[in-house]
Amino acid sequence: MDYRKNYQSWLNSPAICAEGKAELASIANDEKELEYRFGGELEFGTAGMRGIIGCGMNMMNIYTVMRATQGLAEWIKSLGQAAMDRGVVISYDTRRKSDVFAKATASVLAKNGIKAYLFDDVHPVPMLSYAVRYLKTIAGVMITASHNPKEYNGYKVYGEDGAQMSPEDTAKVVGYINQIEDYLSVSGDENSPLILPVPSKLDDDYIEELSRLTLSKEAVEKCGANLKLVYTPVHGSGYVPVTRILKKLGINATIVEAQTTKDTEFSTVKVPNPEYKETLSMGIALANEINADVVFGTDPDSDRLGVALKNEAGEFVALSGNQVGILLLDYILTRLAEDKTMPANAAVVKSFVTTGMAKALCDDYGVTLYETPVGFKFIGEKIKQWEKDGKHTYIFGFEESCGYLRGTHARDKDAVVASMICAEMVCYYAYIGKSVFDRLQEIYAKYGYVLDKNVSIQYSGLNAMKEMNAVVNALKTMKVDDFAGVKVEAVRDYSAAKRTDANGNVSELDIPKCNCVYYELEGGSFVCVRPSGTEPKLKIYYSLKAKDEKAADEKLAEISASVNALLEKAKQ
């Protein structure tokens, strides 16, 4: 791809606005920047597209957004007039240009004769997912880059079931997008009567839907009003719905007011990712001031929940997504069992890189546990499948990346309902005279300590995704007997959907294919390596069983050193 030629084409085009031309002129002599922006195209995958905001073919801007939307429009038109009339619902978060990209998306759809419902203000991912099913649209679009740094934005497409679009339909949309060679040729109609507001009643109905999922009404009534809990929306779209549902239930939460503003720069944090303790630091400071025991926060599009707890020494510790997931799972199973409302065919779903501890809890309660590839759409597919065949009743789904869903109102991670369940859980344990941290220690004492740790190796440049996948592909060809003396009992190659045990016996895996290598270790531990589908990062997941935290840390140090040595060989 001739990046210089592409650059000149954009620079000289009358379609580029004055701001864009000035930006392009400023990089005229920066070869590395020119190659990055114009030497490749922003990839549109099963999670949509995500990139740094800026002018260029490999960047997030109004031109790449409109081109992607034109491809989506062509696919919808191929489905017929009924699909066009059902339309698309569009939401956005508080990031730079999110509102601009959302309006551009609506305008392109309308220009193509497709109805476009547009939220009048920021709304989170779960409400977009809910809106798709509520309005019975053919698709949904969410403008967000989730928990990424402020320089990023993204474009996520949802299918008619409210889950992120299936790989099959995504491939069709991508086919249409790729036919549009001239990025600057797409236009829209921002004044079209086909652009409609999302009914305000939807917000009320969503909150009402969540309120029906509560599990500890008596505990909330007794402890909710005097609860000492701190919440921060980290400048994101969770502020209104999270505070609304807590207020409706009567749960008191002290809000970090400085982080309620729709700040596109997320100026009070390094990155708006609530799984980091630093991101919750203002909340922790406020919690220390009012003597609260729990802090929780949501990311910009409010699909992830981060939690910090006060430990036995009175210091706040940030929990991993796995730990929060285990606490919520344990709480939900406990309450359903206590109230004798556990469905006979109850099932829980998690991604296969999520903590191995979930199996012990589900087995204890006689609940079926299913594993899926990484990506909440696969959890959404299970919900859809069970609604059709009645085989199971979905009660909870979660991923290690701080994503949780109680209920079937949405088909993606929902930090609003997770915040509600988390706050209710705090009430429940206060009601019976213990803290959430106490309960976490009880879980470890009962089921054994498990250390779950994720490590990301950053890649950069145009070939980042190719290089990461090459490393994973190389691993598939390498025989591994052990990591630091811990025996590998089996290797799962998810790209081939096959499991090979230590004796060479091969069995099929009933799971959608993805590029990932998973090592089953003796004692129920695992190591997994996969390229991120949304970021240029190679991800390594460790789930290690040990007698206690100290032993687990020592085990991690030894095994991770062995894994790193293997990765170096795979790069050669």
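For the structure itself, look to the data block above.
Residues numbered from 1 in each chain as written. Predicted model: local features only at pLDDT ≥ 70, side-chain atom pairs only at ≥ 80, totals over all residues. Heavy atoms only, no water.

Participant: Looking at this model, I keep getting lost on the sheet that holds strand E8 (residues 254-255). Mind explaining?
Facilitator: The strands making up a sheet associate through backbone hydrogen bonding, with each pair oriented either parallel or antiparallel. Ordered by their spatial adjacency, five strands build an open sheet running E8-E7-E9-E10-E11, and the pairing between neighbours is mixed. Of all the strands in the sheet, the pair left with one neighbour each is E8 and strand E11 (316-318). In this sheet, strand E10 (residues 305-310) lies alongside strand E9 (residues 294-298) in antiparallel orientation, the contact comprising five bridges. Following the sheet pairing, threonine 298 is matched in E10 by leucine 305. (Pairing = 2+ DSSP bridges. Helix = DSSP H or I, 4+ residues; strand = E, 2+ residues; numbered from the N terminus.)

Participant: What is the right way to read the environment of valine 506 from this model?
Facilitator: Structurally, valine 506 is set in strand E20 (residues 506-508). With relative accessibility at 52%, the residue valine 506 sits in the exposed group. Spatially, the C-alpha atom of valine 506 lies 9.5 Å from that of alanine 490, the residues being 16 residues apart in sequence. Setting aside anything within four residues of it in sequence, one finds valine 506 in contact with Lys498, Arg499 and Thr500. (Buried < 20%, exposed > 50% of the residue type's maximum accessible area, 1.4 Å probe, protein only. Contact = heavy atoms within 4.5 Å.)

Participant: Any chance you could explain the sheet that holds strand E15 (residues 403-405) here in plain terms?
Facilitator: As summarised here, the arrangement of the four strands in space is E13-E12-E14-E15, forming an open sheet in which the pairing is mixed. Each end of this open sheet is capped by a strand with a single partner; those strands are strand E13 (368-372) and E15. Between one strand and the next, the sheet's axes are offset by a mean angle of 20°, whatever the strand orientation. Here five bridges tie strand E12 (residues 346-351) to strand E14 (residues 393-399), and the two strands are oriented parallel to one another. (Axes fitted to C-alpha atoms, helices over the stretch in contact; angles between N-to-C directions.)

Participant: Where do I start with empty space enclosed by the protein in this structure?
Facilitator: Sizing a probe to match a water molecule and rolling it over the atoms shows the empty space that remains. One pass over the full model with this rule turns up one cavity of 30 Å³ or more. Looking at the largest cavity, its volume works out to about 50 Å³. In this structure, the largest cavity is lined by Asn322, Gln323, Ile326, Thr355, Met357, Leu440, Tyr444, Val450 and Asp452. Those elements giving two or more residues to the lining of the largest cavity turn out to be helix H13 (321-338), helix H17 (436-447) and strand E16 (449-458). Of all the elements, H13 adds the most residues to the lining of the largest cavity, at three residues. When its residues are assigned to classes, the lining of the largest cavity shows five nonpolar, three polar and one charged. (1 Å grid on protein atoms, 1.4 Å probe; cavity = no way out; pocket = protein on both sides within 12 Å on 5 of 7 lines; lining within 4 Å. Points joined across faces, edges and corners; volume = space filled by probe spheres on them. Nonpolar A, V, L, I, M, F, W, Y, C, P; charged D, E, K, R; others polar.)

Participant: What's the story with the pattern of salt bridges in this structure? I'm lost.
Facilitator: Side chains that carry opposite charge are capable of pairing whenever their charged atoms lie near each other. Overall, the coordinates contain 35 salt bridges when judged by the stated rule. Ionic pairing is found between lysine 201 and aspartate 205, a salt bridge with its closest N-O pair at 2.8 Å. You can see lysine 201 and its partner aspartate 205 sitting in helix H9 (residues 201-211), four residues apart, about one turn around the helix. Given a relative accessible area of 19%, aspartate 205 falls into the buried group. A salt bridge links glutamate 442 to lysine 434, with the shortest nitrogen-to-oxygen separation between them at 2.9 Å. (Salt bridge = Lys/Arg side-chain N within 4 Å of Asp/Glu carboxyl O.)

The values are spatial; any link to function lies outside them.
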